[in-house]
Amino acid sequence: MDKYIKISGIQKLTLLDFPEHTACTLFVPNCNFRCPFCHNSELLLDNVEFYDEAEIFAFLKKRAGVLEGVCITGGEPTIYTDLGRFIADVKRLGYLVKLDTNGFLPDRLNALIADGLLDYIAMDIKNSPERYAETVGLPYDRFDVTPIERSIDIIMKSGVPYEFRTTVVTELFDETSIAGAAKMIAGADKYFLQSFVMRDTVPSKRLTPPQRVVMSRYLDIVRRYVPTASIRGE
């Protein structure tokens, strides 16, 4: 794990990433997963460049009162042990904070919630437990889904507004696995299915997006467990 948080990218305005708020998005490098469909795989490279933290806060101070929120995404933000310190500094400027996470470090997530540092949480549900390792690009014999299940439980009991989301890739899903993913978060407030989109940064070029009819069928399946589920982008 890295101690000091790094920022390798900034989107200065987003109207989509933080529900009901104007925000900016900060991208941290590095991740504990290696998802073959990752859109931000350039953040995993050894030669990735960093912003000076003072530069980030100069921007946030300038935009205070114009922007309402800061989204922290990656990569995986919770791999940095001083993430809480960073978020606290952001919140002192009056910002709301949204965290994107893969949920593999539940103790870190729980500490952020306990300290009142998060205003919105978005957690990726990568697949059913049986296909999680395959989907996140880690060895089957060394992958334990228990941390994922703990993070789900922590988030759903936290009182913090949240969403779960699953990126659907043709080669990684079928009706059984999409049902298994939804079952993990049965009764959740918000669950979004989002269709995989190929980009130059995606590590695996063999992957394809599902057909619309398949996405509709998957939505019917997941609504058995999360009745409010929807397809993002429609």
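Since the model is a prediction, treat every value here as computed from it, not as a measurement.

**A short note on the layout of surface pockets**
Estimates place the volume of the largest pocket at around 1200 Å³. Taken together, 42 residues line the largest pocket, and the ones lying closest to its centre are His39, Asn40, Arg165, Thr167 and Gln194. Listing elements by their share of the lining of the largest pocket, those giving two or more residues are strand E1 (9-14), strand E2 (23-27), strand E3 (69-73), strand E4 (96-101), strand E6 (162-168) and strand E7 (191-195). The element contributing the most residues to the lining of the largest pocket is E6, with 4 residues.

**Structural notes on the packing of helix H3 (residues 106-114) against helix H5 (residues 146-157)**
Between H3 and H5, whose axes approach to 9 Å, the crossing angle comes to 15 degrees. On the basis of the axis angle, H3 is roughly parallel to H5. Viewed along their axes, H3 and H5 form a crossing whose handedness is right-handed. Contacts between H3 and H5 involve Pro106, Asp107, Leu109, Asn110 and Ile113 from the first element and Pro147, Arg150, Ser151, Ile154 and Ile155 from the second.

**Points about the pattern of salt bridges**
By the definition in use, this model includes 16 salt bridges. A salt bridge links Asp89 to Arg92, with the shortest nitrogen-to-oxygen separation between them at 2.3 Å. Linking Asp124 and Lys126 is a salt bridge whose minimum nitrogen-to-oxygen distance equals 3.7 Å. When salt bridges with common partners are traced through the structure, they connect Lys98, Asp100, Asp124, Lys126, Glu163, Arg165 and Arg232 into a single cluster.

**Points about the packing of aromatic side chains**
All chains considered together, the criterion is met by 7 aromatic pairs. Seen in terms of ring centroids, Phe18 and Tyr120 are 6.0 Å apart; in terms of plane orientation they differ by 45 degrees. Their pairing is tilted. With Phe18 in the loop between E1 and E2 and Tyr120 in strand E5 (residues 120-124), this pair connects stretches of sequence that are 102 residues apart. Since its relative accessible area comes to 2%, Phe18 is described here as buried. With relative accessibility at 4%, the residue Tyr120 sits in the buried group. Aromatic pair Phe33 and Phe104: ring centres 5.2 Å apart, planes at 55 degrees, arrangement tilted.

**Brief notes about helix H1 (residues 53-63)**
Of all the residues in H1, the buried ones are Ile56, Phe57, Phe59 and Leu60. Along the long axis of H1, the arc covered by the buried residues comes to 155 degrees, so they all point the same way. Away from its buried face by more than 90 degrees, H1 exposes Ala54, Lys61 and Lys62. For H1, the elements touching its buried residues are E1, E2, E3 and helix H2 (83-91).

**Topic: the nonpolar core**
Core analysis: the biggest nonpolar cluster contains 73 residues, and Phe164 and Tyr191 have the highest contact counts within it. It is helix H7 (residues 212-222) that provides the largest number of residues to this core, a total of 6 residues. If we ignore the near neighbours within four places in the chain, the residues touching Tyr191 are Phe164, Arg165, Thr166, Ala181, Ala182, Ile185, Val222, Val226, Ala229 and Ser230.

**Overview of the sheet that holds strand E8 (residues 230-231)**
Here we have 8 strands laid out as an open sheet, ordered E1-E2-E3-E4-E5-E6-E7-E8, and mixed in their pairing. The open sheet has two free edges, formed respectively by E1 and E8, since each of these has just one partner strand. Where E6 meets E7, 5 bridges bridge the pair, whose relative direction is parallel. Residue Val168 lies in a different strand from E7, and its bridge partner there is Ser195.

**Quick notes on unusual backbone geometry**
Trans is the common state for peptide bonds, and a negative phi is the common state for residues other than glycine. Between Gly74 and the following residue, Gly75, the backbone shows a cis peptide bond with an omega angle of 10 degrees. Tracing the backbone shows Gly75 in the loop between E3 and H2. Non-glycine residue Glu20 carries a positive phi angle of around 70 degrees. Mapping Glu20 onto the fold places it in the loop between E1 and E2. You will see that Asn30, though not glycine, has its phi angle at about 75 degrees, which is positive. Summarising the element assignment, Asn30 is placed in the loop between E2 and H1.

Calculation criteria
- Residues numbered from 1 in each chain as written.
- Predicted model: local features only at pLDDT ≥ 70, side-chain atom pairs only at ≥ 80, totals over all residues.
- Heavy atoms only, no water.
- 1 Å grid on protein atoms, 1.4 Å probe; cavity = no way out; pocket = protein on both sides within 12 Å on 5 of 7 lines; lining within 4 Å.
- Points joined across faces, edges and corners; volume = space filled by probe spheres on them.
- Helix = DSSP H or I, 4+ residues; strand = E, 2+ residues; numbered from the N terminus.
- Axes fitted to C-alpha atoms, helices over the stretch in contact; angles between N-to-C directions.
- Parallel < 35°, antiparallel > 145°, perpendicular 65-115°, else oblique.
- Left-handed = near helix turned anticlockwise from the far one by under 90°.
- Contact = heavy atoms within 4.5 Å.
- Salt bridge = Lys/Arg side-chain N within 4 Å of Asp/Glu carboxyl O.
- Phe/Tyr/Trp six-rings, centres within 6.5 Å; stacked < 30°, edge-to-face > 60°.
- Buried < 20%, exposed > 50% of the residue type's maximum accessible area, 1.4 Å probe, protein only.
- Arc of directions from axis to C-beta.
- Core = buried A, V, L, I, M, F, W, Y, C linked by side-chain atoms within 4.5 Å.
- Pairing = 2+ DSSP bridges.

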